[in-house]
Amino acid sequence: MKKKIEIDDTQALAIRLVRAPSVTNTSGESSFPDVLISILREQPFFSLHPELIHDVPIEGDSKGRRNVLAFAPGKGSSCVVLAGHYDVVDTNAYGVLEPFAFDPEALSKRMLQMLSSKTNLSSSELLLKKDLESTAFIPGRGMLDMKSGLAAGIAAMVRFLKKDDRTGNILFIAVPDEEGSSTGMKAAKKMLSDFADEHALHYEAIINLDASVDSGDGDEGKAVFLGSVSKLLPFVVFVGKPAHAGSPFDGFNPVIASAVFAREIECNSDSMNIRALVPGEEPPPPSILYYREMRNRYDVTMPADVFCAVNILTFEKDPEKVFDHFKTIVQKALDNSISLIYERASAFSRKKNEHVTMYKFSSEIIEFHELAKRAERVVPGILDRLQRFAEKSFPEDKVQQTFKIVHELLSYAQIEGPSAIVGFAPPFYAKAQLDSERDQGFLSIIKDEVMSFNRDYGESIKLRPYFPGISDMSYLAPSVSREAIEFVKKESAVLQSDLDKYLESPLDTPVINVGPWGREYHQNGERVHRHYAFSLLPELLFRLCNRLFHANN
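Reading guide: rules and limits
Residues numbered from 1 in each chain as written. Predicted model: local features only at pLDDT ≥ 70, side-chain atom pairs only at ≥ 80, totals over all residues. Heavy atoms only, no water. Helix = DSSP H or I, 4+ residues; strand = E, 2+ residues; numbered from the N terminus. Rg over C-alpha atoms; globule rule 2.2 N^0.38 Å. Buried < 20%, exposed > 50% of the residue type's maximum accessible area, 1.4 Å probe, protein only. Contact = heavy atoms within 4.5 Å. Areas by Shrake-Rupley, 256 points an atom, 1.4 Å probe, with all protein chains shown as cover. Pairing = 2+ DSSP bridges. Axes fitted to C-alpha atoms, helices over the stretch in contact; angles between N-to-C directions. Expected span 1.5 Å × (residues − 1). Arc of directions from axis to C-beta.

**Section: the overall build of the protein chain**
When helices and strands are tallied, the protein chain shows 16 helices and 20 strands. Expected size for 553 residues packed as a compact globule is a radius of gyration near 24 Å; at 26 Å, the protein chain falls within 12% of this value. Considered along the principal axes of its C-alpha atoms, the protein chain spans approximately 90 × 60 × 45 Å. Taking all 553 residues of the protein chain together, the buried fraction comes to 54%. Pairs at least 24 apart in sequence give 78% of the contacts found in the protein chain among residues at least 6 apart. As presented, the protein chain carries roughly 23,900 Å² of accessible surface, and 49% of it is formed by carbon and sulfur atoms.

**Brief notes about the sheet that holds strand 6 (residues 202-208)**
Read across the open sheet, the eight strands follow the order 1-2-5-3-6-18-8-17; overall the sheet is mixed. At either end of the open sheet lies a strand with only one pairing partner, and these are strand 1 (53-57) and strand 17 (462-464). On average, adjacent strands in this sheet sit at an angle of 25° to one another, irrespective of strand direction. Both strand 1 and strand 2 (residues 66-72) contribute to a ladder of five bridges, which runs antiparallel. Bridge pairing in strand 2 places aspartate 55 opposite valine 68. Sheet contacts for helix 2 (residues 27-40): strand 1, strand 2 and strand 5 (167-175); angle to strand 2, the most-contacted strand, approximately 15°.

**Quick word on the environment of alanine 243**
When you line up the elements, alanine 243 lands in the loop between strand 11 (234-239) and helix 8 (254-265). A relative accessible area of 8% means that alanine 243 is categorised as buried. When neighbours within four sequence positions are excluded, alanine 243 is seen to be in contact with Asp250, Gly251, Val300, Thr301 and Met302.

**A word on helix 5 (residues 123-134)**
Counted at 1.5 Å a residue, the expected span for helix 5 with its twelve residues is 16 Å, and the 17 Å between its end C-alpha atoms agrees. Taken together, the buried positions of helix 5 are occupied by Leu128, Asp131 and Leu132. All buried residues of helix 5 project into a common sector of 95° when viewed along the axis, lining one side. For helix 5, the exposed residues lying more than 90 degrees away from the buried face are Ser123 and Lys130. Buried residues in helix 5 make contact with helix 4 (104-117), strand 4 (137-139), strand 19 (517-519) and strand 20 (527-529).

No statement about biological role is implied by the geometric values presented.
So, in structure tokens, the structure goes:
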């Protein structure tokens with residue numbers, strides 16, 4: 001068996017990183033680069049060459065966030081980038097254990113004490129208790145997502161620097177805001193391009209270090225991901241015909257349409273009817289993230305409209321195809337809800353033994369760009385005015401902005417229900433994938449090295465086509481066209497201001513994800529598998545880098 005970095009070294013590093021809270025959009029996120037730089041400069045090589053580590057302020061960022069770069073030089077121009085994000089989600093889910101969320105060892109003890117004192121544990125709690133008792137996993141906010149990945153990348157880079165006669169170069173980069181809107185990686189993309197030009201480097205690959213989840217034995221989590229899913233957030237606003245609640249059949253309550261829609265699409269992997277590209281590989285099913293109507297007080301009148309925004313992760317790179325499927329689901333839900341109301345009116349008539357008068361409803365599906373066009377005919381410039389007002393009202397929530405704009409446009413466009421408005425809300429993440437022609441040789445190298453690694457260590461690490469969650473890979477290797485970007489813009493009430501960055505500063509290099517695995521990220525049971533994250537992963541990263549450096553020599 002080949003020599004590998006000791007597990008305790010990388011684990012201790014990961015724990016130090018976790019103990020520095022860096023929740024997205026907080027002062028901890030803004031100050032974390034100072035902690036990371038201090039840790040990096042403790043390494044013997046960087047203590048002698050501190051100038052090779054620096055932070056770069058993100059231009060125009062009101063929160064003063066920074067990217068961190070560490071350059072490990074060697075002979076030649078070949079370079080591998082090891083990249084990851086350092087921000088984490090908040091700790092609200094921990095409840096009474098929140099004070100220990102950033103102290104993995106104390107958290108593990110407290111969690112076990114709490115779980116042992118409970119009599120009726122859920123299945124997830126039973127698994128958490130088993131994992132912690134076995135000591136195979138270590139918990140903590142950011143331990144899985146994704147500071148263990150950063151620690152493994154640093155460990156691989158430090159091992160590389162211990163070689164006196166080293167070929168190749170490693171550039172380590174840590175960015176903020178992946179959990180928000182990828183502000184850090186958007187800035188890093190141009191930075192990486194400039195860095196390569198400045199140092200005459202050729203990027204052999206960019207390895208993203210993000211974590212995957214696996215509720216089993218790691219068979220799915222121990223993987224090299226060759227791409228990343230696309231994320232879209234299509235919305236639908238169901239428009240009703242308000243009536244007094246005492247005479248419900250005089251109108252149409254949009255809640256019933258939204259309920260029929262929710263029942264059809266929520267967690268339904270078949271609802272989008274998009275063929276799987278790889279047998280056995282499916283993205284997570286759709287899930288509704290927003291579901292609300294706009295009133296802020298009680299009213300005995302039916303609501304006028306109901307808003308739903310749906311998280312869709314897909315292997316499909318064309319957003320227009322996803323949008324068409326989404327519209328079909330909306331149309332079906334609206335039609336079925338109208339039929340259901342007719343049935344219930346007839347049933348009520350039979351109970352009363354008298355006729356209940358109802359309107360003859362017809363449905364209409366209106367795309368956002370058409371809604372805006374109708375409103376602009378009545379009041380030119382209304383969309384721009386509403387966009388500015390919504391941004392002022394909900395500065396941190398572009399989905400709330402979206403609903404506010406659509407809700408106000410309805411009256412200007414004179415839309416009557418039953419109908420539905422469909423469009424996109426931010427954020428949009430492009431699909432990431434290898435280039436089928438450019439990356440054939442690269443893919444052969446990765447396959448061969450993973451097979452060799454598995455033989456040496458008795459492992460079963462596999463190659464999987466797509467990382468199943470959104471990640472910064474979407475900005476590093478976007479598979480998206482100008483036409484797709486323009487379509488998303490056309491159907492968006494609130495523009496994602498940096499959509500064009502997908503097409504700027506192309507890096508023209510393969511991007512893959514190789515990170516740790518664990519369970520329950522973003523939840524209070526977030527935990528990472530120790531042996532894989534702190535022993536196997538640094539070794540795998542080191543070997544992949546080394547193989548890529550020597551592939552063309």
